[in-house]
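The residues making up each chain are set out below.
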Amino acid sequence: MRALIVSDVHSNIEAFQSAIEHANDTEGFDQIWSLGDLVGYGPDPGLCIDLLRQYEHVAIAGNHDLAAVGKLGLQKFNMHAAAAARWTTEQLTEEHVDFLAQLPIRLEVHDFTLVHGSPRDPVWEYVITAASASANFSLFDTKRCIVGHSHIPFVCAPKGESAQFFDFPVDLPVRLMDDKLIINPGSVGQPRDSLPTASYALYDSENQTVTHYRVAYDIAATQQRMTEHNLPQYLINRLARGR
Ligand code: ZN
């Protein structure tokens, strides 16, 4: 079984389509695991939901998905994110709302726990420091945990009482051993590690590997759509910088 692991698609249909095409052209995949924030920020929330649903999938909700359907207030969102969230809500059909509203915030699949933020706080916590990672290692029972939310790809392993972050190498399969790991596939639709290319991962259950891939997509087309919808200029600009 091969799973295409995507997170933080953020209504960026160009990036999402490119990731799917790239995965099909490389290893192929049987199902999609979506780590949340399928919508928010970008111009095509409905198309992204529809595209995910064309495939066998496992999906959890992120803070932007919950906000779009009124299950989370906008108090903790910055003004650009809040503006985009309000706009997103207006775009969704009843079917889209129903889909997002039924997503769980934590799931176990194969040997993985899936959460958007962290096992400790699936909605909001960013796993970006050794302290946050080490605190979370004891809070999942599977061998591995996959998170999103920070839009930064990494592999993290326990190190004594603490934790160590490793760069998630591109195009190079990481062999999964018995160690506990926290993995972030990066963001498909709004990468923030200074690379503007869509980031995703592919899990191969037979070979027990997970591989990080980057793929170029038509950033200008997404930016154009955002401009047409009067989405915040800051959100438009950041796509080209990958920040
Ligand atoms: Zn996000």
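Scroll up for the structure.
Residues numbered from 1 in each chain as written. Predicted model: local features only at pLDDT ≥ 70, side-chain atom pairs only at ≥ 80, totals over all residues. Heavy atoms only, no water.

(A) Representation of the layout of surface pockets. Taken as a whole, the largest pocket spans an internal volume of roughly 200 Å³. For the largest pocket, the lining is made up of 17 residues, of which Tyr41, His64, Asn78, Tyr126 and Arg192 are closest to its centre. For the lining of the largest pocket, the elements supplying multiple residues, two or more each, are α3 (63-68) and α8 (233-241). Tallied by class, the residues present in the lining of the largest pocket amount to six nonpolar, six polar and five charged. (1 Å grid on protein atoms, 1.4 Å probe; cavity = no way out; pocket = protein on both sides within 12 Å on 5 of 7 lines; lining within 4 Å. Points joined across faces, edges and corners; volume = space filled by probe spheres on them. Helix = DSSP H or I, 4+ residues; strand = E, 2+ residues; numbered from the N terminus. Nonpolar A, V, L, I, M, F, W, Y, C, P; charged D, E, K, R; others polar.)

(B) Structural context of the coordination of the zinc ion. Coordination of the zinc ion by the protein comes from Asp8 (OD), His10 (NE2), Asp37 (OD) and His151 (NE2), over a distance range of 2.1 to 2.4 Å. The coordination sphere of the zinc ion comprises four donor atoms, whose angles at the metal cover 84 to 173 degrees; the geometry is irregular. We note that the donor set of the zinc ion lies within a single chain, spaced as D-x1-H-x26-D-x113-H. In this pair, His10 is assigned in the loop between β1 (2-6) and α1 (13-25) and Asp37 in the loop between β2 (31-34) and α2 (45-53), connecting sequence segments 27 residues apart. As far as the burial class goes, His10 and Asp37 line up, both buried. (Donors = N, O, S within 2.8 Å, 3.2 Å for Na, K, Ca; no water. Tetrahedral: all angles 85-135°; square planar, octahedral: opposite > 155°, others 65-115°. Buried < 20%, exposed > 50% of the residue type's maximum accessible area, 1.4 Å probe, protein only.)

(C) Molecular detail of the environment of Glu94. Within the secondary structure, Glu94 is located in helix α5 (residues 94-101). Separated by 25 residues in the primary sequence, Glu94 and Val69 place their C-alpha atoms 9.9 Å from one another.

(D) Inspection of the side chain of Thr88 at higher detail. Tracing the backbone through its elements, the reader meets Thr88 in helix α4 (residues 79-91). In this structure Thr88 touches Val39, Gly40, Pro45 and Ala68, once residues within four positions along its chain are discounted. (Contact = heavy atoms within 4.5 Å.)

(E) Fine view of the state of the cysteines. In total, this model carries zero disulfides according to the counting rule given. The thiol of Cys145 is unpaired, and the distance to the nearest cysteine sulfur, on Cys156, comes to 10 Å. (Disulfide = S-S within 2.5 Å.)

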